[in-house]
Amino acid sequence: MTGGAFTLADVSVRFGDTAALRSVSLHVGVGELVALVGPSGAGKTTLLRLLNGSARAVTGMVTAGERDVAGLAPSDLRSLRASIGVVHQDLRLVPNLRVSQNVLSGGFGRQGFWSAVRSQWRPRRADLGRAHALLDRVGIAEKLFHRVDRLSGGQQQRVAIARALYQDPRVILADEPVASVDPARARDTVELLRDICRERGLTLLMSLHNLDLAREFFPRLVGLRDGRIVFDGAPNDLDRDRFDELYRLPAQEVSDDGT
Ligand code: ADP
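Residue indices follow the written sequence of each chain, beginning from 1 at its first position. Where totals are concerned, whole chains, interfaces and linings use all residues; where local detail is concerned, this predicted model gives features only for residues with pLDDT of at least 70, and gives and counts side-chain atom pairs only at 80 or more. Values reported for side chains reflect all heavy atoms of the structure, with hydrogen atoms and water molecules removed beforehand.

S.K.: Explanation requested: the domain arrangement of the protein chain in the structure shown.
M.R.: Size of an interface, as often reported, equals the accessible area lost when the parts are brought together. The split into domains, and so the bounds of each, comes from an automatic or database assignment of domains. Along its sequence, the protein chain is carved into domain 1 (1-83 + 169-259) and domain 2 (94-168). Between the C-alpha centres of domain 1 and domain 2 there is a distance of 26 Å. In what follows, a contact means two residues having at least one pair of non-hydrogen atoms within 4.5 Å. Each partner contributes residues to the interface: domain 1 has 19 residues there, and domain 2 has 14 residues. The largest share of the area that domain 1 buries against domain 2 comes from Ala-82, Pro-169 and Leu-192, three residues that together contribute 37% of it. Criterion for a salt bridge: a side-chain nitrogen of Lys or Arg within 4 Å of a carboxyl oxygen of Asp or Glu. Where domain 1 packs against domain 2, one counts one salt bridge. Ionic pairing is found between Arg-137 and Glu-199, a salt bridge with its closest N-O pair at 2.7 Å. As used in this structure description, the phrase polar contact means that two N or O atoms lie within 3.5 Å; if the pair is within protein, one of them must be able to donate a hydrogen and the other to accept it, and residues adjacent in sequence are counted only when both atoms belong to side chains. On inspection of domain 1 and its partner domain 2, the count reaches five residue pairs in polar contact (both at pLDDT 80 or more). In this description a helix means any DSSP run of H or I spanning at least four residues, a strand means any run of E spanning at least two, and both kinds are numbered starting from the N terminus. At the level of secondary structure, the elements contributing two or more residues to the side of domain 1 that touches domain 2 comprise α2 (74-82) and α7 (183-200). Broken down by element, the residue count for the side of domain 1 that touches domain 2 peaks at nine residues, all from α7. Put simply, buried area is how much 1.4 Å-probe accessible surface two parts lose in total, over both of them, once they are put together.

S.K.: When you look at the nonpolar core in this model, what are you seeing that I'm missing?
M.R.: Side chains of a nonpolar character, in soluble globular proteins, are inclined to be buried together. The nonpolar core is taken to be a set of buried Ala, Val, Leu, Ile, Met, Phe, Trp, Tyr and Cys residues, with the residues joined through side-chain atoms within 4.5 Å. For each residue, the accessible area found with a 1.4 Å probe, counting protein chains only, is set against the maximum for its type, and the residue is called buried under 20%, exposed over 50%, and partly exposed in between. Counting residues in hydrophobic clusters, the biggest one holds 47 residues, and the most contacted among them are Ile-172 and Phe-218. For this core, the secondary structure elements donating two or more residues are β3 (33-37), α3 (99-104), α5 (125-137), α6 (153-166), β7 (171-175), α7, β8 (203-207) and α8 (211-217). When we break this core down by domain, the ones giving at least three residues each are domain 1 (1-83 + 169-259) and domain 2 (94-168). If we skip the residues at most four places from it in the chain, Ile-172 touches Gly-85, Val-87, Ala-164, Leu-165, Leu-193, Cys-197, Leu-202, Thr-203, Leu-204 and Leu-205. Within the second largest apolar cluster, 29 residues are counted, among which are Val-13, Leu-48, Val-171 and Val-222.

S.K.: Before we go on, may I ask you to explain the sheet that holds strand β9 (residues 220-225) in this structure?
M.R.: Adjacent strands of a sheet form backbone hydrogen bonds with each other and so pair up, either parallel or antiparallel. Reading across from one edge, β6-β7-β8-β3-β9-β10 is the order of the six strands in this open sheet, with mixed pairing throughout. Of all strands in the sheet, those with a lone pairing partner are β6 (84-87) and β10 (228-233), marking the two edges. Mean inter-strand twist for the sheet, computed between neighbouring axes without regard to direction, equals 15°. Criterion used throughout: strands pair if DSSP finds at least two bridges between them. In this structure, β3 lies alongside β8, joined through four bridges in parallel fashion. Looking at β8, one finds that Leu-36 is bridged to Ser-207. Lines fitted to C-alpha atoms define the axes, with helix axes restricted to the stretch in contact, and inter-axis angles between N-to-C directions lie between 0 and 180 degrees. Across the face of the sheet, α7 comes into contact with β3, β7 and β8 while running at roughly 160° to β8. Of the strands in this sheet, β3, β9 and β10 touch helix α9 (residues 240-247), which is tilted by about 45° from β9.

S.K.: Honestly, the environment of Ser-119 in this entry has me stumped. Any pointers?
M.R.: Tracing the backbone shows Ser-119 in helix α4 (residues 113-121). Owing to a relative accessible area of 4%, Ser-119 belongs among the buried residues under this scheme.

S.K.: Just checking my understanding: could you explain the packing of aromatic side chains for this structure?
M.R.: Centre-to-centre distance and the angle between the planes together describe a pair of aromatic rings. Ring geometry is summarised as follows: Phe, Tyr and Trp rings, the Trp one being its six-membered ring, pair when their centres sit within 6.5 Å, and such pairs are stacked at plane angles under 30 degrees, edge-to-face over 60 and tilted between the two. Per the counting criterion, the structure on display carries one aromatic pair. The interplanar angle of 35° and the centroid separation of 5.1 Å between the aromatic rings of Phe-243 and Tyr-247 together place this pair among those described as tilted. Of this pair, Phe-243 and Tyr-247 are both found in helix α9, four residues apart, which corresponds to roughly one turn of the helix. The partly exposed category is assigned to Phe-243, whose relative accessible area is 26%.

S.K.: Just checking my understanding: could you explain the packing of α5 against α6 for this structure?
M.R.: Describing two packed helices takes the angle between their axes plus the distance from one axis to the other. The contact between α5 and α6 brings their axes to 9 Å, and the two run at 130°. Between α5 and α6, the crossing angle belongs to the class labelled oblique. α5 and α6 meet at a crossing whose hand is right-handed. Counting all contacts with α5, which are made through Asp-127, Arg-130, Ala-131, Leu-134 and Leu-135, the residues of α6 involved are Ala-162, Leu-165 and Tyr-166. We call Asp, Glu, Lys and Arg charged. Ala, Val, Leu, Ile, Met, Phe, Trp, Tyr, Cys and Pro are nonpolar, and the rest, Gly among them, are polar. For the contact of α5 with α6, the class distribution of residues is six nonpolar, no polar and two charged. Any angle from 65 to 115 degrees is called roughly perpendicular, while one under 35 is roughly parallel, one over 145 is roughly antiparallel, and all others are oblique. Left-handed describes a crossing whose near helix is turned anticlockwise from the far helix by less than a right angle; the clockwise case is right-handed.

See the structure below:
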């Protein structure tokens, strides 16, 4: 459905009185690796949700490949979503099921209902082989038949990554995927996801709280603040002034003596 490229043309999104995105224009090419950075509430999640059609623009246009996302028929929207793997902050795994079942559920978007049920309870050897190979790539092949709730937080993140890859996506959207693990684990996970996307030519958009990780692992940073893009460039171009523009406190939070 999508070759992995997206364009936002003058896009605004509102939730009631709140403007989540304001006149945002952005192009992301096939295979690009992009970190979305900026303070909490800046609009990063909303931007990611726009790309797979789970948030709607009130004005402007979102294009996936050549197609206007808002104009897609339900079946085309399903195939767009099947081509986009999502890694959520809260992972959204089923904790009392095995790793294999969670990874295989990544195929649901491309399967019919009965085929999905069958793959859960009587998986084909070839499907299990694929799941195992993906778990091997993320470093936890030996956990294939373990229950998810017996794994560490870092291992669960890897299951979520393997599930997204099982979908055979062209794109990975990751929304603060490392917000809830310790810094060393976060660094490993961001690097792993970046490397996998690079070696497979997948487009990656990842929102990240941690600017240091974004700078270290991504060639392109898109900085959002108050629903607007205030920076779009290479990490080295994010100098002190631009950093302050991105993260400065709102005027009302700065006291009279400037502290
Ligand atoms: P970020 O991911 O950068 O923290 P979000 O995209 O989650 O930012 O949110 C941008 C703004 O939109 C925030 O002010 C947030 O409170 C608001 N917002 C996001 N989603 C909703 C929603 N479903 N309902 C109401 N307001 C929302």
